[in-house]
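In case you want the letters, here they are:
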Amino acid sequence: MKKFVTVTAVFCAALTLASVAVAADEMAGMKMDNGAMSTAKPGKSQLTDAVVKKVDPSTGMVTLQHGALTNIGMSAMTMAYKAEDAAMIAHVKEGDKVKVRVEDVNGTLTIVKLEKP
Ligand SMILES: [Cu+2]
């Protein structure tokens, strides 16, 4: 019985070492993947075409007629979103064609990026 326990312990140690080695390999692989991704950023900062319908500096809301915002599961529609900062509002006006990135920031749909082409 004592021998069996020892054998099991050794076997477990070997298994642990093996999985550590595998984990290290996976991490090395992930690092390479991340490096490749950081140049392409697929989908991460994708911009969507929109037209500014209304800007309300008092509330920080910008009404956008926008294409599908796939990252937040929003189809094309006209809707008001919170601008991330006041500077964003300052340089747009009704009728501007823009490119936007809207993200769910702590439950608030927020325009995190707004570019005028
Ligand atoms: Cu919407």
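All chains use their own residue numbering, which begins from 1 and follows the written sequence. Where totals are concerned, whole chains, interfaces and linings use all residues; where local detail is concerned, this predicted model gives features only for residues with pLDDT of at least 70, and gives and counts side-chain atom pairs only at 80 or more. Only hydrogens and water are set aside; all other atoms, that is, all heavy atoms of the structure, feed into the side-chain values.

For the chain, an unreviewed UniProt entry supplies the name Cu/Ag efflux protein CusF and the organism Caballeronia sordidicola.

Peer 1: Mind showing me how you'd approach the environment of lysine 54 here?
Peer 2: Strands here mean DSSP runs of E at least two residues long; helices mean DSSP runs of H or I at least four residues long; both are numbered from the N terminus. Tracing the backbone shows lysine 54 in strand 1 (residues 48-56). For each residue, the accessible area found with a 1.4 Å probe, counting protein chains only, is set against the maximum for its type, and the residue is called buried under 20%, exposed over 50%, and partly exposed in between. The exposure class assigned to lysine 54 is partly exposed, which follows from its relative accessible area of 48%. Any two residues having at least one pair of non-hydrogen atoms within 4.5 Å are treated as being in contact. With residues up to four places along the chain from it excluded, the contact list for lysine 54 reads Met61, Val62 and Thr63.

Peer 1: For this particular structure, what's the right way to read the sheet that holds strand 4 (residues 97-105)?
Peer 2: Backbone-to-backbone hydrogen bonds join strands into a sheet, with any given pair of strands oriented parallel or antiparallel. Pairing between two strands requires that DSSP report at least two bridges joining them. Read around the barrel, five strands follow the order 1-2-3-5-4 and close on themselves; strand pairing throughout is mixed. Here the average twist between neighbouring strands, direction ignored, is 55°. When strand 1 meets strand 2 (residues 61-66), the two strands line up antiparallel, connected through six bridges. Along strand 2, the bridge assignment pairs aspartate 56 with methionine 61. Structural elements are reduced to axes, namely lines fitted to C-alpha atoms, with helices fitted over the stretch in contact, and the angle between N-to-C directions of any two is expressed from 0 to 180 degrees.

Peer 1: Please explain the nonpolar core as it appears in this structure.
Peer 2: In summary, soluble globular proteins display a tendency toward joint burial of nonpolar side chains. Grouped together as the largest cluster of nonpolar side chains are 17 residues, with contacts concentrated most on Leu64, Tyr81, Val98, Val100 and Ile111. The leading source of residues in this core is strand 4, at three residues. Once you skip the residues sitting within four places of it in the chain, isoleucine 111 turns out to touch Val62, Leu64, Tyr81, Lys82, Ala83, Glu84, Met88, Val100, Arg101 and Val102. The term nonpolar core refers to a set of buried residues drawn from Ala, Val, Leu, Ile, Met, Phe, Trp, Tyr and Cys, joined through side-chain atoms within 4.5 Å.

Peer 1: Quick question: what am I supposed to make of the pattern of salt bridges here?
Peer 2: Oppositely charged side chains can pair when the atoms bearing their charge come close. When a carboxyl oxygen of Asp or Glu is within 4 Å of a side-chain nitrogen of Lys or Arg, the pair counts as a salt bridge. Using the criterion set out here, one finds four salt bridges in the structure. The salt bridge partner of lysine 93 is aspartate 96, with a shortest N-O separation of 3.2 Å. In this structure lysine 93 comes out as exposed when scored by relative accessible area, which is 52%. A residue is classified by how much of its surface remains accessible, and aspartate 96, at 9% relative accessible area, is buried. It is possible to trace a salt-bridge network through shared partners that takes in Lys93, Asp96 and Lys116.

Peer 1: Would you mind showing me how to read unusual backbone geometry here?
Peer 2: When glycine is set aside, most residues are seen to have a negative phi, and most peptide bonds are trans. One non-glycine residue, asparagine 106, lies in positive phi territory at about 50°. Among the secondary structure elements, asparagine 106 is positioned in the loop between strand 4 and strand 5 (108-115). For asparagine 106, a relative accessible area of 80% puts it in the exposed group.

Peer 1: Quick question: what am I supposed to make of the coordination of the copper ion here?
Peer 2: Ideal coordination angles are 109.5 degrees for a metal with four donors arranged tetrahedrally and 90 or 180 degrees for a metal with six donors arranged octahedrally. Listed donor atoms are N, O and S within 2.8 Å of the metal (Na, K and Ca: 3.2 Å). As water is not included, a site may look incomplete. Listed as protein donors to the copper ion are Met74 (SD), Met77 (SD) and Met79 (SD); their distances from the metal cover 2.1 to 2.4 Å. Sequence positions of the donors to the copper ion reduce to the motif M-x2-M-x1-M.

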